[in-house]
Amino acid sequence: RLIEMSISRRHQHALAKRGAVKVSQPDFRWMVLLHGGVLAGAALEVWLLERPFVTAVAIPMIVVFLLSNALRWWVILTLAEHWNVQVMNSLALGVVTDGPFRWIRHPNYLAVFLELLAIPLIHTAWLTAAAGSLAHVGILRSRIAAEERMLLAHPAYREAMGGKPRFVPGFF
């Protein structure tokens, strides 16, 4: 995450120099708190409630964790200078339609959701996984609404991406 924050800051500065404007996102701090809270909550749940390590659950969750991280890095590489952790209007630089964006509009949110679900379940912290997922849905609803208001207002984005599903190809 520290590497991602460094990349994000560098991209934000470069985007700002090219005229991109940060979109107001008052819920961003809640997203940051949620990410840290899931990590801390999982550790505390395992420790305080003496959650067992169940290999039959851990292995699939490790696979989900690794695949979600692979998807997240694919998004970062595909978006290139567009990618950062804030919502910025970089549409003047073009619409990204390759990589995982060929199939869905929000692969990064899918990847982070799956990652935050899998991390607690690696060591059977199911309370943290459930609470974190519910909180994440609420935060993502707000974030995606803010992002899509900006994105779908742009005709090129609307034409290229408007008909694609948000998270799962061919569903919803």
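Note that the structure is predicted; figures quoted are calculated from it, not measured.

S.K.: I'm lost on the environment of valine 63 in this one. Help?
M.R.: With respect to the helices, strands and loops of the structure, valine 63 is situated in helix H3 (residues 55-79). Measuring from C-alpha to C-alpha, the distance between valine 63 and isoleucine 122 comes to 9.7 Å, with 59 residues separating the pair along the chain.

S.K.: How should the nonpolar core be read in this particular structure?
M.R.: For soluble globular proteins, the rule of thumb is that nonpolar side chains tend to be buried together. In this structure, Val75, Leu79, Trp83, Phe101 and Met150 are the most contacted members of the largest nonpolar core, which totals 18 residues. Looking at this core, the elements that each hand over two or more residues are H3, helix H5 (126-152) and helix H6 (155-161). Here this core gets four residues from one element, more than from any other, and that element is H3. With near-sequence residues (within four places) excluded, leucine 79 lies in contact with Val96 and Phe101.

S.K.: Teacher, can you tell me more about the pattern of salt bridges here?
M.R.: When charged atoms on two side chains of opposite charge get close, those side chains can pair. If you walk through the whole model with that rule in mind, you get six salt bridges. Notably, a salt bridge pairs arginine 51 with glutamate 45, separated by 2.9 Å at the nearest N-O pair. Among the residues examined, arginine 51 registers a relative accessible area of 17% and is labelled buried. Using a relative accessible area of 6% as the deciding quantity, one classes glutamate 45 as buried. For arginine 105, the salt bridge is made with glutamate 148, and the minimal N-O distance between the two is 3.1 Å. Taken together, the positions of arginine 105 in the loop between strand S2 (88-89) and helix H4 (107-121) and glutamate 148 in helix H5 put the pair 43 residues apart, joining distant regions of the chain. In this structure, arginine 105 and glutamate 148 share a single accessibility class: buried. Where salt bridges share partners, they join Glu4, Arg72 and Glu115 into one cluster.

S.K.: I would appreciate a short explanation of the packing of aromatic side chains in the present structure.
M.R.: A complete count under the given rule lists one aromatic pair for this structure. The interplanar angle of 55 degrees and the centroid separation of 6.2 Å between the aromatic rings of tryptophan 74 and tryptophan 103 together place this pair among those described as tilted. Taken together, the residues tryptophan 74 in helix H3 and tryptophan 103 in the loop between S2 and H4 connect sequence positions 29 residues apart.

S.K.: Explain a nonpolar patch on the surface to me, please; I cannot follow it from the model alone.
M.R.: On the surface, Leu44, Trp47, Leu48, Leu49, Trp126 and Leu127 cluster together to form a nonpolar patch covering roughly 690 Å² of accessible area. Sorting the residues of the nonpolar patch by element identifies helix H2 (28-48) and H5 as the ones contributing at least two each. At three residues, the largest contribution of residues to the nonpolar patch is made by H2. With respect to the helices and strands, the residue tryptophan 126 is situated in helix H5.

S.K.: What exactly am I supposed to notice about helix H1 (residues 2-17) here?
M.R.: Two residues of an α-helix separated by three or four positions point the same way, owing to the 3.6 residues in each turn. Over its 16 residues, H1 extends 23 Å from the first C-alpha to the last, a length consistent with the 22 Å expected when each residue adds 1.5 Å. Here the buried face of H1 lies against strand S1 (21-22), H3 and S2. Positioned one or two residues after H1, glycine 19 has a phi angle of 95 degrees, which is positive.

S.K.: How should the packing of H3 against H4 be read in this particular structure?
M.R.: Where H3 meets H4, the axes come as close as 8 Å, and the angle between the chain directions of the two elements is 155 degrees. It follows from the interaxial angle that H3 and H4 lie roughly antiparallel. Here the hand of the crossing between H3 and H4 comes out left-handed. Contacts between H3 and H4 involve Val57, Met61, Val64, Phe65, Ser68, Asn69, Leu71, Arg72 and Val75 from the former and Pro107, Asn108, Leu110, Ala111, Val112, Leu114, Glu115, Ala118, Ile119 and Leu121 from the latter. Its residues assigned to classes, the contact of H3 with H4 comprises 14 nonpolar, three polar and two charged.

Rules used throughout
Residues numbered from 1 in each chain as written. Predicted model: local features only at pLDDT ≥ 70, side-chain atom pairs only at ≥ 80, totals over all residues. Heavy atoms only, no water. Helix = DSSP H or I, 4+ residues; strand = E, 2+ residues; numbered from the N terminus. Core = buried A, V, L, I, M, F, W, Y, C linked by side-chain atoms within 4.5 Å. Buried < 20%, exposed > 50% of the residue type's maximum accessible area, 1.4 Å probe, protein only. Contact = heavy atoms within 4.5 Å. Salt bridge = Lys/Arg side-chain N within 4 Å of Asp/Glu carboxyl O. Phe/Tyr/Trp six-rings, centres within 6.5 Å; stacked < 30°, edge-to-face > 60°. Patch = residues over 30% accessible without salt bridge, like charges linked within 9 Å, V, L, I, M, F, W, Y side chains within 5 Å. Areas by Shrake-Rupley, 256 points an atom, 1.4 Å probe, with all protein chains shown as cover. Expected span 1.5 Å × (residues − 1). Axes fitted to C-alpha atoms, helices over the stretch in contact; angles between N-to-C directions. Parallel < 35°, antiparallel > 145°, perpendicular 65-115°, else oblique. Left-handed = near helix turned anticlockwise from the far one by under 90°. Nonpolar A, V, L, I, M, F, W, Y, C, P; charged D, E, K, R; others polar.

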